[in-house]
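# A look at the structure
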Amino acid sequence: MSLITSVVGFPRIGAHRELKKAIEGYWKGRTDLDEVRSTGRALRASHWRIQSDQGVDLIPSNDFSYYDQMLDTAILLGAVPTRYRRLGLAEEDTLFAMGRGYQGPQGDVTALPMKKWFTTNYHYLVPEIEDSTRIQLSSTKPFDEFKEAKELGRITKPVLVGPYTFLKLARGPQGQRLDYRHELIDSVAAVYAEVLTRFIDLGAEWVQLDEPYLVLDKQDGDISLFKSLYDRIMPARHNGSGAVKLLLQTYFGHVDDCYEVLQSMGFDGIGLDLVEGREGNLAALERCGVSQGTTIFAGVIGGRNIWRNDYARSLGLLDAVGRVTDHLAVSTASSLLHVPFSLDGEDGLDEPVRRHFAFAVEKLGELKEVSDLADMDDAGRRASPALAGNQVLFDGSRVQADPVVAERIAALQPQDFTRQPARAERQRLQRSALGLPMLPTTTIGSFPQTAQVRAERARLRKGEIGQEEYDAFIAGEIDRVIAKQEQIGLDVLVHGEFERNDMVEYFGQNLNGFLFTRNAWVQSYGTRCVKPPIVWGDVSRARPITVRWSAYAQSRTDHVVKGMLTGPVTMLNWSWPREDVSHELQTQQLALAIRDEVLDLQASGVKVIQIDEAALREKLPLRRSDWHSSYLDWAIPAFRLVHSGVDPTTQIHTHMCYSEFNDIIEDIDAMDADVISFEASRSDLTVLDAIQAAHFETEAGPGVYDIHSPRIPSQGEIEERINLILGKMDAGKVWINPDCGLKTRGEAETWPSLEHMVAAAKAVRARL
Ligand code: GLN
Ligand code: ZN
């Protein structure tokens, strides 16, 4: 008998991002909803077939989504805030209004806030529960998709975000944490119970409830909240007509602190991440055992990296679980949503390189192979060509080390991580050197990457135009936006980043040690995808990267133009890191490469340099006890290493795409940047209280409007936002800027929004 295999979730955007194209086409009015629906249907059918062809036993359904699975869950529970209901739109349009805001004949509403999904670069929408929200089963999506698969002859395993994770991540209308009243718990549990009942009737065998929130540190009341919910849900697994098995799926870490409770509750299956949560989960299993009737779904095929699975290692893990229980299934460690679709078509990678990688489709094959191997005795494994072929990939001969990089790292001294003089002194010098007004206005770096910009890049790639012609086009774009910014009256200008396809890939292309793919897209938010490069070997700078265009932009204006770089921690976090050397070492190598660029920029006359660390918070370990020891203790110094060599009057900015750093506010200050900008318009402003309480030294620009939405904010609403900020921060330290870069926006909304922003800043400035 072979072991059951299970996939936690599968990418939904499509091998060629078909879903993105259909939905964006619909938003632009090029197609209709029927087209979107049929694209969705075709993708689901194809994804189920691929998994079935690869021999997966428990194939997920309802892991599909038009925008976000958290948003789907909110809609399933009836948590659609009144302002969206009032628009009176069709079902899908209401969903899109919640996801990206709506401005049109039916009204004007902003989108729900968006946050990063645990330690991934995927963003979920934060469900909002109003006092008037009536929680009740309000959508048929999970059932429709199950029926759709059944009609195709497949019994799938429906997957839903579980009630505990849902309630822990949902917020009240002011962004406040929920009060877990009995009525709320009861009504949420009742919906899930009803879902199980319906699935019994539909003939499902397993239902998977995802509870990744269980891998976080517990707060008071968490365990009892979890138990209250599931004590009400579990009985619904059986009724007069049949039964369904419930798989409690955890991922992204371990559940050592609550496993004893989980295993005592009688779940039919418990899914454990044995990649990211290896030690804690194994310790818990060994300590508490597994109760009768519970199958452990051992997550050994990682869903967070693109490297081949190390079969010997996975077999070791499965054997360890096998010593605790006979009831074992083999699973992906998390959803495969966070890896690209397949290696098919990656013919730019030579075979000796390519064989080191496995994307979602290839991971399905690994799942099957590992589960087959797990079933064999030692002799069978020794004779297995699959195992032997796999072990060759991990013999250490993959890359040759770069001795120059190693020497530079070995020579680093403590003073290389400390900029002189102290920041307060620098800020004083910079203020007079740069001659900026109070509440200086700026943007985060990029301007709209219009179809024309992308088309020119494609023409260059295809050889339809030469480098000279392309460069002339970029120069023209820079001239255009420099003039625009002068005309609008911004204080610190940017060159617009037109030459960059992506803030990580562009840098990677100019560094030694990186590899690139053609089509390895992963979803970031809504229909947005990113294509991270791969760290393959030791990293160093191959050539100056940004100097030319930054210096050009500065030569076209008397205003200060801000140079624009991607920081080392973000470079690593938004790439596929190596698994054979530490993240700390990879980040240090990156820091040295970017340090070279910073010094060259300064030498070319650039006076303000922004080093984006958009992804620094993202990889903060989920457990507080690991924050410093396994991350911040090397990540923050790596950032300091990048800029410690500049002159006192060179102003160093950084930018982060979120405001959730209350807990690490001192670490952010310790990056020792002169100025930081961050997202703030789509989140509550508690970060400002933290800034106040921590005597934050870094000057700060909390974003005054949301750039993830095409909505144009009015001058009045921005003024209100600025006033709110000034209520909490010293005006001498405040910068005025949008939440993030503008590359995903259109020209039509970008310029009016910035005009309103500058007008708002001027109006407030006049009243100071
Ligand atoms: N400078 C980058 C831009 O404006 C920052 C992007 C980001 O924070 N993700 O596009
Ligand atoms: Zn950003």
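This is a predicted model, so every value here is computed, not measured.

## Considering the overall build of the chain
Within the chain, the secondary structure is distributed over 29 helices and 24 strands. Its C-alpha radius of gyration of 26 Å places the chain within 12% of the 27 Å reference for a compact globule of 768 residues. Based on the C-alpha atoms only, the size of the chain along its principal axes is roughly 75 × 60 × 55 Å. Within the chain, the fraction of its 768 residues that count as buried is 48%. By sequence separation, contacts in the chain at least 24 residues apart represent 79% of the contacts at least 6 residues apart.

## Focus on the UniProt feature "binding site: L-methionine" (unreviewed entry) in the chain
The residues that UniProt annotates with the feature "binding site: L-methionine" (unreviewed entry) are Ile444, Gly445, Ser446, Glu497 and Asp612. Across 169 residues in sequence, these annotated residues keep their C-alpha atoms within 12.9 Å of one another, forming a single compact spot. Tracing the chain through its elements places Ile444 in the loop between helix H18 (423–434) and helix H19 (451–461). Apart from residues lying up to four places away in sequence, Ile444 is in contact with His655, Ser677, Asn737, Pro738, Cys740 and Gly741. Note that Asp612 resides in strand E21 (residues 608–612). Residue Asp612 is classed as buried on the basis of its 25 C-beta neighbours within 10 Å. In this structure, Asp612 is in contact with Met503, Leu565, Thr566, Gly567, Thr570, Thr654 and His655, ignoring residues within four places of it in sequence.

## Quick word on the site of ligand 1
Around ligand 1, a shell composed of 13 residues is seen, among which Ile444, Gly445, Ser446, Ala614 and Gly741 lie nearest. Tallied by class, the residues present in the shell around ligand 1 amount to six nonpolar, four polar and three charged.

## So, the sheet that holds E21
Across the sheet, which stays open at both edges, the six strands sit in the order E15-E20-E21-E22-E23-E24 with parallel pairing between neighbours. Each edge of the open sheet is held by one strand with a lone partner, namely strand E15 (492–493) and strand E24 (699–702). Taken together, the five bridges between E21 and strand E22 (residues 651–656) define a ladder with parallel strand orientation. Following the sheet pairing, Val608 is matched in E22 by Gln651.

## Some thoughts on the sheet that holds strand E7 (residues 157–161)
With respect to topology, eight strands assemble into an open sheet ordered E1-E14-E13-E12-E11-E8-E7-E2, the strand pairing being parallel. Each having just a single partner strand, strand E1 (4–6) and strand E2 (60–61) make up the two edges of the open sheet. Both strand E13 (residues 295–301) and strand E14 (residues 328–332) contribute to a ladder of five bridges, which runs parallel. Bridging across to E14, Ile301 finds its partner in Thr332. Its contacts with the sheet put helix H12 (residues 311–322) on E13 and E14, and the angle it makes with E13 is roughly 165°.

## Considerations on unusual backbone geometry
Most peptide bonds take the trans form, and the phi angle of most residues other than glycine is negative. In this chain, Gln420 is followed by Pro421 through a cis amide linkage whose omega measures -10°. With respect to the helices and strands, the residue Pro421 is situated in the loop between helix H17 (403–410) and H18. With a phi close to 65°, Asn62 is a non-glycine residue in the positive phi region. For Asn62, the location among the structural elements is in the loop between E2 and helix H3 (69–76). The exposure class assigned to Asn62 is buried, which follows from the 27 C-beta atoms found within 10 Å. We note that Phe252 has phi near 80°; this positive angle belongs to a residue other than glycine. Judged by the 24 C-beta atoms lying within 10 Å of it, Phe252 falls in the buried class.

## A short note on the packing of helix H1 (residues 18–27) against helix H2 (residues 33–53)
The N-to-C vectors of H1 and H2 enclose an angle of 170°; their axes lie 9 Å apart at closest approach. The orientation of H1 with respect to H2, classified from their angle, is roughly antiparallel. For the pair formed by H1 and H2, the contact residues are Glu18, Leu19, Ala22, Ile23 and Tyr26 on the first element and Leu33, Glu35, Val36, Thr39, Gly40 and Leu43 on the second. Class assignment of the residues belonging to the contact of H1 with H2 gives a composition of seven nonpolar, two polar and two charged.

## Some details on the UniProt feature "binding site: 5-methyltetrahydropteroyltri-L-glutamate" (unreviewed entry) in the chain
Taken from the UniProt record, the annotation "binding site: 5-methyltetrahydropteroyltri-L-glutamate" (unreviewed entry) applies to Arg17, Glu18, Leu19, Lys20, Lys116, Asn121, Arg528, Cys529, Trp574 and Glu618. The greatest C-alpha distance among the residues just named is 27.5 Å, and with 602 residues of sequence between them they are spread in space as well. Assessed through the 15 C-beta atoms surrounding it within 10 Å, Glu18 is described here as partly exposed. Along the chain, Trp574 turns up in the loop between helix H23 (568–573) and helix H24 (583–603). Discounting chain neighbours no more than four positions away, the residues touching Trp574 are Asn121, Val504, Val530, Pro532 and Ala615.

## Examining helix H22 (residues 547–555)
Restricting attention to buried positions, one finds in H22 the residues Trp549, Ser550, Ala553 and Gln554. Seen end-on, H22 carries its buried residues on one side only, within an arc spanning 135°. If you follow the buried residues of H22, they end up packed against helix H20 (467–488), strand E20 (560–566) and H24.

## Observations regarding the pairing of strand E11 (residues 245–249)
Summarising burial for E11: four of the five residues are buried, a large majority. Note: strand E8 (residues 206–210) against E11, five bridges, orientation parallel. Across the sheet, Leu209 pairs through a bridge with Leu248, a residue of E11. The pairing of E11 with strand E12 (residues 269–273) spans three bridges and is parallel. Looking at E12, one finds that Leu247 is bridged to Gly269. Each parallel crossover has a hand, and for E11 linked through helix H10 (residues 259–264) to E12 it is right-handed.

## Observations regarding the pairing of strand E17 (residues 522–525)
Across three bridges, the pairing between E17 and strand E18 (residues 528–530) is antiparallel. Each bridged residue has a counterpart across the sheet, and for Gln523 the counterpart in E18 is Cys529. The antiparallel hairpin formed by E17 and E18 contains two residues in its connecting segment, where Gly526 sits at a positive phi of about 50°.

## Focus on the environment of Phe417
Position of Phe417 among the secondary structure elements: in the loop between H17 and H18. Between the C-alpha atom of Phe417 and that of Arg640, which follows or precedes it by 223 residues, the distance is 5.2 Å. Contact partners of Phe417, with chain neighbours within four places excluded, come to Pro637, Arg640, Leu641 and Ser644.

## Focus: the environment of Leu364
Within the secondary structure, Leu364 sits in helix H14 (residues 360–374). Residue class for Leu364 comes out buried when judged on the 26 C-beta atoms lying within 10 Å of it. In this structure the C-alpha to C-alpha distance between Leu364 and Ser6, which are 358 residues apart in sequence, comes to 9.4 Å. If sequence neighbours within four positions are ignored, Leu364 has contacts with Val7, Gln51, Gln54 and Val56.

## Focus: the packing of H20 against H22
Viewed as axis vectors pointing N to C, H20 and H22 meet at an angle of 40°, and their least axial separation amounts to 10 Å. Looking at the two axes, H20 sits oblique to H22. Considering only the axes of H20 and H22, their crossing is right-handed. When H20 is examined against H22, the residues Ile474, Ala475, Ile478 and Ile482 are found in contact with a partner set consisting of Trp549, Tyr552 and Ala553. Residue classes in the contact of H20 with H22 are distributed as seven nonpolar, no polar and no charged.

Scoring rules and cut-offs
- Every chain is numbered independently, its residues counted from 1 as its sequence is written.
- Starting at A for chains and at 1 for ligands, labels are handed out in the order in which the entities are written.
- pLDDT decides what is reported in this predicted model: residues at 70 or higher carry local features, side-chain atom pairs at 80 or more are listed and counted, and totals for whole chains, interfaces and linings draw on all residues regardless.
- Note on conventions: DSSP H or I runs of at least 4 residues are helices, E runs of at least 2 residues are strands, and numbering of each starts at the N terminus.
- We compute the radius of gyration over the C-alpha atoms and compare it with the globule rule, which gives 2.2 Å times the number of residues raised to the power 0.38.
- The burial criterion counts other C-beta atoms lying within 10 Å of a residue's C-beta, which is placed from the backbone; the residue is buried at 20 or more, exposed at 12 or fewer, and partly exposed between these limits.
- Throughout, a pair of residues is in contact if the C-beta atoms placed from their backbones lie within 7 Å.
- UniProt positions are given in the numbering used here, feature names are shortened, and annotations may be inferred rather than shown by experiment.
- Placing the C-beta atom from the backbone, one calls a residue near a molecule or strand if that atom lies within 6 Å of it.
- Lys, Arg, Asp and Glu make up the charged group, whereas Ala, Val, Leu, Ile, Met, Phe, Trp, Tyr, Cys and Pro make up the nonpolar group; the residues left over, Gly among them, are polar.
- The pairing criterion for strands is at least two bridges between them, as found by DSSP.
- Fitted lines through C-alpha atoms serve as axes, helices being fitted only where they are in contact, and the angles separating the N-to-C directions of these axes extend from 0 to 180 degrees.
- Just so you know how the angles are binned, under 35 degrees is roughly parallel, over 145 roughly antiparallel, 65 to 115 roughly perpendicular, and the rest oblique.
- Arc definition: directions from the helix axis to the C-beta atoms.
- Looking down the strands as they point away from you, a crossover is right-handed if its path from the first strand over the helix to the second goes clockwise.
- Helix crossings are classified by the rotation of the near helix relative to the far one: an anticlockwise turn of less than a right angle makes the crossing left-handed, while a clockwise turn makes it right-handed.

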